[in-house]
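Single-letter residue listing:
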Amino acid sequence: HVLAFDHPDSTKLIDLVQQEYVSRYGDPDVTPVDPAEFAPPQGIFLVGYRDDVPVACGGWRAHATDEGSLRAGDAEIKRMFVVDGERGRGHARAMLAALERTAAEHGCGRIVLETGYKQPEAIALYRSSGYDEIEKFGVYAQDPISVCMAKELE
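We now turn to the structure provided with this report.

## A closer look at the overall build of the protein
Now for step 1: A tally of helices and strands in the protein yields three helices and six strands.
Now for step 2: Moving toward the C terminus, one meets the helices and strands of the protein in the order α-β-β-β-α-β-α-β-β.
Now for step 3: For a compact globule of 154 residues, the expected C-alpha radius of gyration is about 15 Å, and the protein comes in at 14 Å, within 12% of that figure.
Now for step 4: For the protein, buried positions account for 45% of its 154 residues.
Now for step 5: Sequence separation of 24 or more characterises 61% of the internal contacts of the protein that already satisfy a separation of 6 or more.
Now for step 6: Working note: accessible area of the protein is about 7800 Å², and carbon and sulfur atoms make up 52% of it.
Now for step 7: Each charge class in the protein can be summarised by its mean position, and for the 16 positive and 26 negative side chains these summaries are 5 Å apart.

## Let's talk about the sheet that holds strand S4 (residues 110-116)
Across a sheet, paired strands are connected by hydrogen bonds in the backbone, their directions being either parallel or antiparallel.
Now for step 1: Pairing is mixed in the open sheet, where six strands are placed in the order S1-S2-S3-S4-S6-S5. Looking at the sheet topology across the chains shown, the edges are occupied by strand S1 (43-50) and strand S5 (132-134). The sheet shows a mean angle of 30° between the axes of neighbouring strands, taken without regard to direction.
Now for step 2: When strand S3 (residues 74-82) meets S4, the two strands line up parallel, connected through three bridges. Residue pairing in the sheet places Glu76 in a bridge with Val112 of S4.

## Quick word on the pattern of salt bridges
Now for step 1: A complete count under the given rule lists 15 salt bridges for this structure.
Now for step 2: Linking Arg71 and Glu152 is a salt bridge whose minimum nitrogen-to-oxygen distance equals 2.9 Å. Residue Arg71 is found in the loop between strand S2 (53-62) and S3, and its partner Glu152 is found in strand S6 (residues 146-152); the two are separated by 81 residues along the sequence.
Now for step 3: We classify Arg71 as partly exposed; its relative accessible area is 36%.
Now for step 4: On the basis of relative accessibility, which here comes to 48%, the residue Glu152 falls in the partly exposed class.

## Description of the pairing of S4
Now for step 1: Of all seven residues in S4, six are buried, a share of seventy percent or more.
Now for step 2: Traced from S3 through helix H2 (residues 91-105) to S4, the parallel crossover comes out right-handed.
Now for step 3: Strand direction decides the pairing type here: S4 and S6, joined by seven bridges, are antiparallel. By the bridge assignment, Gly116 is partnered in S6 with Ser146.

## Brief notes about the pairing of S3
Note on strand geometry: in a regular strand, side chains alternate between the two faces of the sheet.
Now for step 1: Along S3, nine of the nine residues are buried, which leaves the element largely enclosed by surrounding structure.
Now for step 2: Looking at chain direction, S2 and S3 are connected through six bridges and run antiparallel. Bridged to Cys57 within S3 is Phe81.

## What to know about the environment of Gly48
Now for step 1: Counting through the fold element by element, Gly48 comes out in strand S1.
Now for step 2: In this structure the C-alpha to C-alpha distance between Gly48 and Arg87, which are 39 residues apart in sequence, comes to 13 Å.
Now for step 3: Those residues in contact with Gly48, other than ones at most four positions away along the chain, are Val53, Pro54, Val55, Ala56 and Met95.

## So, the environment of Leu113
Now for step 1: Examined against the element boundaries, Leu113 turns out to sit in strand S4.
Now for step 2: The spacing of Leu113 and Glu133 is 20 residues in sequence and 9.5 Å in space, taken between C-alpha atoms.
Now for step 3: The residues touching Leu113, leaving out its near neighbours within four places in the chain, are Ile77, Tyr126, Tyr131, Phe137, Val147, Cys148 and Met149.

Cut-offs applied
- Residues numbered from 1 in each chain as written.
- Predicted model: local features only at pLDDT ≥ 70, side-chain atom pairs only at ≥ 80, totals over all residues.
- Heavy atoms only, no water.
- Helix = DSSP H or I, 4+ residues; strand = E, 2+ residues; numbered from the N terminus.
- Rg over C-alpha atoms; globule rule 2.2 N^0.38 Å.
- Buried < 20%, exposed > 50% of the residue type's maximum accessible area, 1.4 Å probe, protein only.
- Contact = heavy atoms within 4.5 Å.
- Areas by Shrake-Rupley, 256 points an atom, 1.4 Å probe, with all protein chains shown as cover.
- Lys, Arg positive; Asp, Glu negative; His and termini not counted.
- Charge placed at Lys NZ, Arg CZ, Asp CG, Glu CD.
- Pairing = 2+ DSSP bridges.
- Axes fitted to C-alpha atoms, helices over the stretch in contact; angles between N-to-C directions.
- Salt bridge = Lys/Arg side-chain N within 4 Å of Asp/Glu carboxyl O.
- Right-handed = clockwise from strand over helix to strand, strands pointing away.

Any functional reading would require information that these geometric values do not contain.
Okay, structure coming up:
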């Protein structure tokens, strides 16, 4: 479902993903994020449900200008997450496919993301889905445990 970034179901999952970052890295994701960036047409935020309960989320925001390894027209994935009890059921792969599809439909030529070495399951998902490492960007450009990846869209 397409929801606002600040919808209650979205914020519930975003709070959980930030807690996940704290438990894995010691801090939440500090990348500046404006909820308006995830509103069509410059972005989107999706929430996946199982039995009317929000279990997965993810969004992308389009970049208007070149900045480091980011290119104008790139869609950057943020806040992709699946709740604990629902992992391993294909939710992340389905969410990733939906993010890629909607970004391509909005004219984005490439999809990019930042993750970290303390999220090996995320890295494995992205690699198996056709993502390659790129030069680090954003607030994590100098972070030794950060990993940035990209995939060209059809």
